[in-house]
Amino acid sequence: MAFLIRTVSTTADGREIVRETRVDQDAIGVGRLASNELSLPDLSVEPNHARIERKDDRRISVTALGLGFGVDGRSAKRIDINAAKGAELAFGGHRITVSRNPEGDIVLAVRRVEALSDAEEERDEASAFSLRGKLPGKRATAWLLIAAVLIGFLAIPVWSFVSHRFGPERTIYEAQAQKSWSSGPLSAAHHALEARCETCHEQAFVSVRDTACLTCHKDTHDHAPPARIGKARAEPGAWGKFLNSVASTFNKPGPGACVDCHTEHEGAGPMAATPQAFCAECHTGLSQRLPDTKLGNAGDFGTSHPQFRPVVGGERVSLDAKPRDPTGLKFPHDLHLSRTGGVARMGQTLRGRYPFGDALECKDCHTPTADGTRFQPVEMERNCGMCHSLAFDRIGGTVRTLRHGDVAQMVADLRATWRGRTVSPPPGMIEGRRRPGNYAAGQTYYARFGPNRGSSAEGIVRQVFAGAGVCTECHTVIPPSGGRDWSVAPVFQQARFFQHGWFDHAAHRTESCASCHKADASGTANDLLLPGIGTCRTCHGGEASKAQVPSGCAMCHSYHLSDGAPWQPKRTAGRRN
């Protein structure tokens, strides 16, 4: 005699499956753990819920080890059952029918009458009301989507292009699906070509060629001879060769093509700026590939860029060599910008006539161009004449001045004025001013400026050009020689020092002049007051740097050289906040 555990389960079509297990023991455990002889996989059943013991050949006792159990609809913690009469035990969602077979074994028939857990019930309910069963399977859905993509974005666009009839006869019933291949709107520069794909895409399924670009951009300059560009370009690595092979497979032009730098369909705003990597591909290590080049290697403005080499005296010279700028003038910036000297005092005296402050500033003499990019040349009459008088005679109420810029005419005027006359200051004019600080408001000064009073007309001419004369104060004077009369060395004011780079003063108006130009410490006009690369790097760094102003190559350089500013979208030129 033993316990005979009979597990009854029901298939989906209602058929019962019965599995019997014989346990030759006088007691068995009931619980969720698999170690129990009567294991019930039910979360509502404790791991070791109860114990069933055999009392004799008919009677058993059921004792709960924790929670109770059900007996014929009642709850109990312990009960004795006569197996010959039978009973039904309830443990969670399971029912155990107790009986005795003719062989005297105690039969425990186990059935699951409820769901194993609420979660399972919810899953069953969700499955019952879901449309999942009505839809195709995942594999079928994937194939359907692939087919839809091929039809919608390949077959229909190809058919649309092949059947495209240019002209007004096209109707709204004809598909224009080739537009689905566009990656985005054209930039603002090419917006007018938005609906004219064939303007740039001359052949179907062929990338845009340089010939299409040059149809409009006829004046575009070459960066350098193509042969030298080919030598300068670095050999691509394994990944670069792979990309080139892919590009070649899809008919994309090779390196150096227009579309290699100017990418379109990136959005309706400005065209994307040329990335620094495009320039660095050639200019990093350029001296090894082009040994005869005079250009320094450059790959990043912040970390790999040579010192500036402006054009001074007709030659490009590095600022490291501290070049001098032969202007032909004698002009001390420090004297004019001093806040305590006679120049400052004279500026204060003239404040009512000119917009001077307590001392002269750069803006008092230097006038920016209309676009603010550069500065106009300094002119004697407009800039220096505010303080430096060239008056030498008065006829009635009219003051005569020396003819500035025309030496021969000036000499002739002086000789004609004092021919047969006694040299003396004209009435109403003050003689003897040598420095601006001696200025007397409301008076016109006499330009004879020297001790040679009472001399002849030739003496006056000599006095103007001599060591203490009015001309030699600012100019280099050449004495008469070989039949030539007095002359003045020409003055040269260079408008643009950087021929291969670009600097925009307007973009730097938030800075003071002294931030970059050390004019207040310059005692001669030959000082080249251009800042070096170290000064620029206090704000500017490479394209990917964390500097205040990340700066790619295109900010200062133009691939297609011209006198204008390098092209770049304005949104990338701003200072980093």
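Report follows, based on the coordinates.

Conventions used here
Residues numbered from 1 in each chain as written. Predicted model: local features only at pLDDT ≥ 70, side-chain atom pairs only at ≥ 80, totals over all residues. Heavy atoms only, no water. Helix = DSSP H or I, 4+ residues; strand = E, 2+ residues; numbered from the N terminus. Buried < 20%, exposed > 50% of the residue type's maximum accessible area, 1.4 Å probe, protein only. Contact = heavy atoms within 4.5 Å. Pairing = 2+ DSSP bridges. Axes fitted to C-alpha atoms, helices over the stretch in contact; angles between N-to-C directions. Parallel < 35°, antiparallel > 145°, perpendicular 65-115°, else oblique. Left-handed = near helix turned anticlockwise from the far one by under 90°. Nonpolar A, V, L, I, M, F, W, Y, C, P; charged D, E, K, R; others polar. Salt bridge = Lys/Arg side-chain N within 4 Å of Asp/Glu carboxyl O. Phe/Tyr/Trp six-rings, centres within 6.5 Å; stacked < 30°, edge-to-face > 60°. Lys NZ or Arg CZ within 6 Å of the ring centre and 35° of its normal. Core = buried A, V, L, I, M, F, W, Y, C linked by side-chain atoms within 4.5 Å.

**Observations concerning the overall build of the protein**
- A count of helical and extended segments in the protein gives 13 helices and 22 strands.
- Burial statistics for the protein: of 577 residues in total, 30% are counted as buried.
- In the protein, once contacts between residues fewer than 6 apart in sequence are set aside, the share between residues at least 24 apart is 48%.

**Some points on the sheet that holds strand 6 (residues 59-64)**
- With mixed pairing, five strands are arranged side by side in an open sheet as 4-3-5-6-9. The outermost strands of the open sheet, each flanked by one partner alone, are strand 4 (38-39) and strand 9 (78-82).

**Digging into the packing of helix 11 (residues 407-417) against helix 12 (residues 457-465)**
- Where helix 11 meets helix 12, the axes come as close as 8 Å, and the angle between the chain directions of the two elements is 140°. Judged by the angle between their axes, helix 11 and helix 12 are oblique. You can see that helix 11 and helix 12 cross each other, and the crossing is right-handed. Between helix 11, through Val407, Met410, Val411, Leu414 and Arg415, and helix 12, the contact on the second element is made entirely by Ala457, Glu458, Ile460, Val461, Val464 and Phe465.
- A breakdown of the residues in the contact of helix 11 with helix 12 according to their chemical character gives nine nonpolar, no polar and two charged.

**As for the pattern of salt bridges**
- Going through the model one piece at a time under the given rule, you end up with 14 salt bridges.
- Across the pair arginine 6 and glutamate 20 runs a salt bridge whose closest N-O atoms are separated by 2.7 Å. Taken together, the residues span a long stretch of sequence, with arginine 6 in strand 1 (residues 3-10) and glutamate 20 in strand 2 (residues 16-23) at a distance of 14 residues.
- One salt bridge connects arginine 233 with glutamate 281, and the closest N-O pair in it is separated by 4.0 Å. Taken together, the residues arginine 233 in the loop between helix 4 (226-232) and helix 5 (238-249) and glutamate 281 in helix 7 (residues 276-283) connect sequence positions 48 residues apart.
- On the basis of relative accessibility, which here comes to 31%, the residue glutamate 281 falls in the partly exposed class.
- Salt bridges sharing partners connect three or more residues here, namely Arg22, Asp24 and Asp105.

**Quick notes on the environment of proline 377**
- Relative to the assigned elements, proline 377 resides in the loop between helix 10 (342-349) and strand 15 (391-395).
- The class for proline 377 is exposed, based on a relative accessible area of 52%.

**A look at the packing of aromatic side chains**
- This model, assessed by the stated rule, comprises seven aromatic pairs.
- By way of ring pairs, the aromatic residues Phe301, Phe308 and Phe498 are connected into one cluster.
- Its end group placed over the ring of phenylalanine 301, arginine 537 keeps NZ or CZ at 5.8 Å from the ring centre.

**Points about the sheet that holds strand 7 (residues 69-71)**
- A sheet is described by the order of its strands in space; here seven strands give the open sequence 2-1-12-11-10-7-8, paired in mixed fashion. The open sheet terminates on both sides in strands that have one partner only, identified here as strand 2 and strand 8 (74-76). Each neighbouring strand pair of the sheet contributes to a mean axis angle of 25°, computed without reference to strand direction.
- Pairing of strand 1 with strand 12 (residues 106-112) involves six bridges; the strand directions are parallel.

**Brief notes about the nonpolar core**
- Residues Leu38, Ile52, Val62, Phe69, Leu89, Phe91 and Leu108 are the most contacted members of the largest nonpolar core, which totals 27 residues.
- Not counting the four nearest positions on each side in its chain, leucine 38 is found in contact with Ile5, Ile28, Gly29, Val30, Gly31, Ile96, Leu108 and Val110.
- If you look at the next biggest cluster of nonpolar residues, it comprises 17 residues, including Leu390, Phe392, Val470 and Cys471.

**A word on unusual backbone geometry**
- Despite not being glycine, aspartate 72 has its phi angle at roughly 50°, a positive value.
- Looking at where aspartate 72 falls in the secondary structure, it is placed in the loop between strand 7 and strand 8.

**Quick look at the pairing of strand 6**
- One ladder, built from five bridges, connects strand 5 (residues 50-54) with strand 6; its direction is antiparallel. Bridge pairing in strand 6 places arginine 51 opposite threonine 63.
- In this structure, the hairpin formed by strand 5 and strand 6 is closed by a connection of four residues.
- As paired strands, strand 6 and strand 9 are joined by five bridges and run antiparallel to one another. Within strand 9, the position partnered with valine 62 by the bridge is isoleucine 79.

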